[in-house]
Number of protein chains: 2
Amino acid sequence: MDADRVNTHTDARSETIRSATLELAQELGFAKLSIEAVAARAGVGKHTIYRRWPSKGALFLDAVLSSHETILEYPDTGDIVADLREQILAAVELLARPPLDGLFRSLLGEAQQDAAISAALNERFIAPQTQRTIDRLEKARDAGQLSPDLDLELAMSILSGPIYFQFLITAQPLTHDYIDRLLAALFAGLGPRP
Amino acid sequence: MDADRVNTHTDARSETIRSATLELAQELGFAKLSIEAVAARAGVGKHTIYRRWPSKGALFLDAVLSSHETILEYPDTGDIVADLREQILAAVELLARPPLDGLFRSLLGEAQQDAAISAALNERFIAPQTQRTIDRLEKARDAGQLSPDLDLELAMSILSGPIYFQFLITAQPLTHDYIDRLLAALFAGLGPRP
């Protein structure tokens, strides 16, 4: 996928197309979403859409992420457990609850069959989120709030993996209680007490 | 999905259908697999297949799991880290490497769109695997090899979540190094040293 096609287009017409995409995705679900329907709703030609996004998956990914990106910044109150909890809750509220949960699940399903969607998801969402996570944890580690030899490269999969597992595999609800217990268990570690 | 349809059929004709399914899935990929093609390869009628499995996803899930289930038992050498490592490696070798990796990824993608596949996956694979994990960890906890207050209900998502995250989301290779570093980090915990 071209870098250009992954980047956010900021012109007004692109915003109109993204809004139409989100509206229609919520009305119809991801499976029934079509570029034709988005074009009609946005009042543009199909070519206008295909010039900006190579597929309906790429368009939907961009529409979701462009409308909400800033919510997923980490707060920095100086308390790393509280800040992680806040950020995980914000991500769960946005992506794993109505109205977007079914659409996000479909998009992640689509990424299993379409390498371009998987690449765009990583480039647009996972990689920057991983960098934010590392930056916030590095600061906390320097402040003595984390294990001094924490493997920062693994932190994203350790913190996010159980959340995605619950969302995509067991399909159980991501309650506040689950997130609190998860953070407690991850901080304490599985190993015996010294 | 009926319990009966999730259960393993052990008659010879069912075995023939499962073998044909795995062969064809590896030749064609999950997207191009069809009940028609399986019926032709197995020398049975389509109805014979539909009487046993409600969809191609259910059939494929059963074919994969029936052929390999025993590999995913935990060894018990008395060393919990070694045994977890062994079991995770066996699961990764089976499901996240050729020839099955692309098919298993497709199946998990399908589970995002089809609640019956998701339910069957949990009933046939995730729930028993979770119980095996809890049983093995409970024994290790009683032997003093784990934190005495480890939250066993979370153990499956803590141990499996990062593996699925790497497999489904970042699509990075699941190397032995990654698994070793992951287990070390999970055992040590994220929190500061006391």
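Everything numeric in this text was worked out from a predicted model, so none of it was measured.

Basis of the calculations
Residues numbered from 1 in each chain as written. Chains lettered and ligands numbered in written order. Predicted model: local features only at pLDDT ≥ 70, side-chain atom pairs only at ≥ 80, totals over all residues. Heavy atoms only, no water. Least-squares fit on C-alpha atoms with pLDDT ≥ 70 in both. Contact = heavy atoms within 4.5 Å. UniProt positions renumbered as here; feature names shortened; annotations may be inferred. Helix = DSSP H or I, 4+ residues; strand = E, 2+ residues; numbered from the N terminus. Buried area = accessible area lost by both parts, 1.4 Å probe. Polar contact = N/O pair within 3.5 Å; in protein donor to acceptor, adjacent residues only side chain to side chain. Nonpolar A, V, L, I, M, F, W, Y, C, P; charged D, E, K, R; others polar.

### Concerning the relation of the copies chain B and chain A
- For the match of chain B to chain A, the screw axis carries a shift of 0.0 Å, the RMSD comes to 0.0 Å, and the turn is 180°. On this basis, the relationship between the two copies can be described by a two-fold rotation axis.
- Both copies contact each other with a shared surface, as 100% of the interface residues of chain B are interface residues in chain A too.

### Things to note about the UniProt feature "DNA-binding region" (unreviewed entry) in chain A
- In the numbering used here, UniProt assigns the "DNA-binding region" (unreviewed entry) feature to residues 34-53 of chain A.
- This span, residues 34-53 of chain A, is 75% helix and 0% strand, and a straight line between its end C-alpha atoms measures 13 Å.

### Considerations on the interface of chain B and chain A
- Contact with chain B, which involves 46 residues of that partner, is made by 46 residues of chain A.
- With both chains or domains summed, chain B and chain A bury close to 4100 Å², and 66% of this area falls on carbon and sulfur atoms.
- Considering only the surface of chain B that becomes buried against chain A, Gln112(B), Ile169(B) and Leu190(B) emerge as the three largest contributors, covering 20% of it.
- There are 19 residue pairs in polar contact (both at pLDDT 80 or more) connecting chain B and chain A.
- Among the elements of the structure, helix 7 (101-111), helix 8 (115-142), helix 9 (152-169) and helix 10 (176-188) of chain B are those that each provide at least two residues to the side of chain B that touches chain A.
- Sort the elements by how many residues they give to the side of chain B that touches chain A and helix 9 of chain B lands first, with 13 residues.
- Split into classes, the residues belonging to the side of chain B that touches chain A amount to 24 nonpolar, 15 polar and 7 charged.

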